[in-house]
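Descriptive analysis of the structure
Each chain, letter by letter, is given below.
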Amino acid sequence: MAKRNFHIAIVDARYYESISESLMNGALSALAEVNATHEHILVPGALEIPAAVRLRHNSNREVDGFVALGCVIRGETSHYDIVAGESARGLMDLTVREGILVGNAILTVENLKQAEKRAISKGGAAVGAVLSLLGLRENLK
């Protein structure tokens, strides 16, 4: 897949600490499998992830791609819809408009049980997604 060792910035929303840990463990395992280096950027919640990606991208330090980790659990108000939709839209805008490559593992679930189940594999899947895009970009050069 990857022609070289990539450096990935993991942007990690820690609102649900135990879910974040599972997502992070999966991401780190997947990165280790391909000898990719990484850095860890902490943000309070999913809405802050797109801004953190953009700020890090605009810094003078090289990074090949990003992995977004977070969790949004439906509650009693419409806040869930705003956070889930706007965090995903923000990341998609960065990808499509700016060419910033992001593997998205912001879980959007109904309850904690669903989050726990999905967190096991989604961090690694997000790493796989961004590595796939990075490989494609390398092959198209």
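Attention here is on the structure that accompanies the text. (Residues numbered from 1 in each chain as written. Predicted model: local features only at pLDDT ≥ 70, side-chain atom pairs only at ≥ 80, totals over all residues. Heavy atoms only, no water.)

Of all hydrophobic cores here, the largest spans 25 residues; its most connected members are Val 67 and Leu 69. Of all elements in the fold, only strand S1 (7–13), helix H1 (17–33), strand S3 (65–73), strand S4 (102–109) and helix H4 (112–140) reach the threshold of two or more residues within this core. Excluding residues that lie within four positions of it along the chain, Leu 69 makes contacts with Ile 10, Val 11, Asp 12, Ala 13, Leu 23, Met 24, Ala 27, Ile 49, Ala 105 and Gly 123. (Core = buried A, V, L, I, M, F, W, Y, C linked by side-chain atoms within 4.5 Å. Buried < 20%, exposed > 50% of the residue type's maximum accessible area, 1.4 Å probe, protein only. Helix = DSSP H or I, 4+ residues; strand = E, 2+ residues; numbered from the N terminus. Contact = heavy atoms within 4.5 Å.)

Before going further, it helps to examine helix H2 (residues 49–57). Inspection of H2 places Ile 49, Pro 50, Ala 52, Val 53 and Arg 56 among the buried residues, and these make up the whole buried set. For H2, the angular spread of buried residues about the axis comes to 165 degrees, placing them on one side. Among the structural elements, S1, strand S2 (37–43), S3, helix H3 (79–98) and S4 are those in contact with the buried residues of H2. (Arc of directions from axis to C-beta.)

Note on placement: Asp 12 falls in strand S1. Polar contacts involving the side chain of Asp 12 include one to the side chain of Arg 14, which spans 2.7 Å. Not counting chain neighbours up to four residues away, the residues in contact with Asp 12 comprise Ser 20, Met 24, His 40, Ile 41, Leu 42, Val 43 and Leu 69. (Polar contact = N/O pair within 3.5 Å; in protein donor to acceptor, adjacent residues only side chain to side chain.)

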